[in-house]
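Inside the fold
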Amino acid sequence: MESPHRQSDVSAAAPSNVESVPRSGNGNGHGFVPLVTVVGFHHARGPEVESWFGVEEGTDPAVDNEWPLLPFMALSDGAHVSTEDFSYFTLLRPARGSVPATSLFGISCTRQMDASQLLNRPADVTRSTVQKAVVVIADSPQFFGMLRERLGVVTKAWFAQREFSDTEILRRFQESLQEEKERGEGLADEDREEYLGMSLRELVREFKSQTLVLFKCCLLQPKRLCMMQFSLISLIPGLIRNLQDCADPDLDNYEKHLVKPASLKSSDRNSLLTYMGLPLQIFGKGSLFGPYTPLQQLDILADYGTKSYIVGSTNSLLLQQKDRYSDILINLDNSTINVTSSSLRAALALSVADRRWIDFITQSVNDTWDETNPGRPKTMGYVGSEEFIRLQFEEYLLSLISAVKCRNYMNHHAHNPKMLPQVEGDPSHDFGVDWIEAWSRSENYRIWDRYTDSHLFDIVEPKHPCAGGLTIDDVQKRMMEQVKEFHLDERFAVGKEVLGRNLQAGKEKAGTAFRETQRRKHEEAKREAERNGTPVPSLGFAAPDLNGARQTVQSVGSKAGAYIGSWGTWMGEKRKTGWGRSTSSSTPNPRKEKENVALPVRNVRIEKSPEPIPEAVRPRTQESYEENLFDAEAGAGHSSSKLKKSAVHPPPHPSKFHESIDEPIAVPAAAADEVGQSSKKWEDSSPRKEDADSRAKAVAEAVEAATAAPISP
């Protein structure tokens with residue numbers, strides 16, 4: 001909660017109220033004369049009334065009207081921490097003769113000064129500072145906005161005298177208020193209302209969509225603690241001029257003088273508001289309004305006859321008992337709203353149309369916000385202004401009561417669904433089903449429904465100003481607003497900075513730990529070398545030998561090239577002489593066709609193996625021949641192979657180095673003997689198998705050294 005001195009003063013035009021209620025707002029005409037009083041703080045007795053202006057000599061209105069809490073209301077808690085502080089409160093004026101009981105309203109301006117600056121310091125002034133409040137009591141808060149400015153000037157001038165015994169300026173101030181009352185100044189402008197309290201632009205800017213929640217909460221008449229009451233009740237057209245029953249829960253003058261309007265002048269806005277049943281009287285019987293309520297008045301809040309109230313306080317002790325004294329608490333110190341009632345929380349949930357509507361108003365305020373002057377749009381235009389916000393809420397309220405009347409009419413004629421063909425469904429659902437049900441049980445709804453016509457929906461369209469279902473635009477706008485509310489850009493910037501610092505710190509720690517580890521290893525190696533008598537190793541890593549690595553790569557490359565070249569030479573010789581035939585063989589061929597022997601296909605597969613190739617493993621044919629990979633170097637005369645005695649089965653597909661033979665050819669015995677002898681001679685004259693294996697192994701090792709992976713030929 002917040003001290004009243006933080007509230008700003010705003011004055012703007014607004015609609016008038018129900019014409020059937022007396023214009024003064026207190027039901028007593030204009031007979032009450034404004035009073036001025038001074039309240040001081042005594043070091044031993046606390047706050048007390050010092051003097052009155054505008055009353056007969058020797059009389060004390062505080063005693064006559066039973067206002068024992070007036071000093072505590074005028075000097076609010078925490079007023080001593082500020083140079084200037086304003087407080088608003090209500091007082092009950094008891095009934096006297098034919099004059100009924102009514103509500104009075106007070107506004108006080110509190111200031112303080114150093115006691116050493118007084119020209120004549122009284123003996124009872126024992127503290128270092130002097131604190132006093134100048135109070136004005138009137139019968140209506142309608143013109144408190146203008147009166148606040150005048151009261152602040154008068155109080156400042158009185159303190160500037162540095163002599164509190166001179167009260168001439170206060171006496172003349174009260175006389176001017178009385179003369180204005182007697183001349184009837186301002187009565188011609190009673191349709192114009194002066195608003196006070198927190199600026200509506202500041203309210204929307206601060207609470208955003210929760211502003212509509214607070215407004216709808218007022219209509220439900222809960223028990224509520226806050227410090228911006230005047231700002232909220234000013235959103236109900238005409239209510240601020242009809243608060244005659246707000247000072248005590250037992251007052252009920254408003255409904256006694258209320259009559260149902262019988263005519264409507266559509267061109268007259270006041271007549272329209274009257275016919276629609278405005279203002280909605282949320283401060284009737286059983287209700288209490290206390291802009292500032294001291295702790296000494298808490299007993300009336302806990303009274304059985306007090307059903308609802310809107311009160312404010314600057315004492316933090318109420319926060320400790322919020323569950324007892326409130327259904328909803330608004331803390332302006334941290335801009336939070338705490339709903340303690342679960343049923344109220346469910347009823348205050350905004351519908352899709354409600355969110356769309358309040359988001360539009362919030363965006364209008366944000367787009368025209370001026371930090372140097374929050375109460376006025378930076379464009380100096382109408383959109384986003386105080387009057388714009390009030391008229392938007394007035395339109396919302398008129399649509400609401402029209403939709404509820406339409407709902408009641410449809411329920412009453414449920415047997416005839418075609419009674420209102422132009423209305424689709426229940427228009428009140430856009431305002432929240434739970435909220436409509438809760439409002440229908442409130443006291444102000446009962447009064448409104450009783451004194452209004454059942455066909456109000458014929459005057460104002462029964463439709464939410466932003467009716468319709470959820471769209472993708474609604475989702476996008478809500479997400480954008482939430483991003484702005486969460487200040488993600490700022491958080492990401494801070495997070496990036498923190499992450500950068502942490503990474504740098506981690507890098508430094510890792511480098512330090514690594515260097516320390518290397519130093520320890522070097523010391524251990526040094527001790528080991530000294531113990532063994534070997535040279536001491538140098539600290540750090542040795543630079544790689546790039547020249548040696550380059551020569552190794554070139555050597556391995558040349559060896560691999562020779563290996564591939566020998567393979568190609570061998571393949572070429574085999575193709576020239578024919579696979580499985582010797583070049584020295586000159587046996588005539590009786591057939592004209594080329595003679596080929598069907599041989600099994602030689603499948604050569606090169607794979608990488610994780611293990612080195614054993615010496616015994618060599619590239620071989622399938623089961624018909626055993627050939628050395630480097631036999632091509634032994635000479636073209638020894639290209640034949642030894643034919644095995646086992647049966648040879650031809651493969652399903654011929655080799656690409658051979659041509660198919662239409663008919664199988666029988667090999668003569670003499671030719672077979674000649675092939676066998678040639679193969680034996682070639683085997684005897686060919687290099688030894690061990691030498692070829694060692695060369696192949698050397699080449700494979702060279703390739704492995706170059707590629708760092710085993711190679712299987």
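Residues numbered from 1 in each chain as written. Predicted model: local features only at pLDDT ≥ 70, side-chain atom pairs only at ≥ 80, totals over all residues. Heavy atoms only, no water.

1. Description of helix α6 (residues 210-220)
To keep it simple, the criterion reads: Buried means the residue's accessible area, taken with a 1.4 Å probe over protein chains only, is under 20% of the maximum for its type, while exposed means over 50%, and partly exposed covers the values in between. Secondary structure elements follow DSSP: runs of H or I no shorter than four residues count as helices, runs of E no shorter than two count as strands, and numbering proceeds from the N terminus.
Here α6 lies mainly inside the structure; ten of its eleven residues are buried. Among all positions in α6, only Thr 211, Leu 212, Val 213, Leu 214, Phe 215, Lys 216, Cys 217, Cys 218, Leu 219 and Leu 220 are buried. The positive-phi residue at the C-terminal boundary of α6 is Gln 221, with phi of around 55 degrees.

2. A few points about the environment of Ser 351
Heads up, the rule is: Pairs of residues are marked as contacts when any of their non-hydrogen atoms sit within 4.5 Å. Polar contacts here mean pairs of N or O atoms no more than 3.5 Å apart (in protein, one a potential hydrogen donor and the other a potential acceptor; neighbouring residues in sequence count only if both atoms are side-chain atoms).
Secondary-structure assignment places Ser 351 in the loop between α13 (342-347) and α14 (352-367). Spatially, the C-alpha atoms of Ser 351 and Gly 432 are 5.6 Å apart, while their sequence positions differ by 81 residues. Setting aside its immediate chain neighbours within four residues, Ser 351 contacts Asp 430, Phe 431 and Gly 432. A distance of 2.4 Å separates a polar side-chain atom of Ser 351 from the backbone oxygen of Asp 430.

3. As for the pattern of salt bridges
Filter applied, for reference: Note on definitions: salt bridges are taken to be side-chain nitrogens of Lys or Arg within 4 Å of carboxyl oxygens of Asp or Glu.
With the rule as written, the count across this model stands at 21 salt bridges. Note that Arg 171 is salt-bridged to Glu 175, the shortest N-O span being 2.5 Å. Highlighted residues: Arg 171 and Glu 175, both in helix α4 (residues 168-183), separated by four residues, approximately one helical turn. The closest approach of N and O atoms between Asp 426 and Arg 407, which form a salt bridge, is 4.0 Å. A residue pair is termed long-range when its members are at least 10 positions apart, and Asp 426 in the loop between α15 (386-412) and α16 (433-439) and Arg 407 in helix α15 qualify at 19 residues. Residue classification places Asp 426 among the partly exposed positions, given a relative accessible area of 22%. For Arg 407, a relative accessible area of 12% translates into the label buried. Each of Glu 255, Glu 443, Arg 446 and Arg 450 takes part in salt bridges that share partners, so that together they form one network.

4. Description of the packing of aromatic side chains
What counts is decided by this rule: Aromatic rings from Phe, Tyr and Trp, taking only the six-membered ring of Trp, are treated as a pair when their centres fall within 6.5 Å; an angle between ring planes under 30 degrees marks them as stacked, one over 60 as edge-to-face, and anything in between as tilted.
Evaluation of the coordinates by the stated rule reveals 17 aromatic pairs. Between Trp 439 and Trp 448, the aromatic rings sit 5.4 Å apart at their centres with planes inclined by 35 degrees, giving tilted as the arrangement. Since its relative accessible area comes to 0%, Trp 439 is described here as buried. When the ring of Tyr 445 is compared with that of Trp 448, the centres are 5.6 Å apart and the planes differ by 50 degrees; the resulting orientation is tilted. Placement of both Tyr 445 and Trp 448 in helix α17 (residues 443-450) is noted, with a separation of three residues, approximately one turn of the helix.

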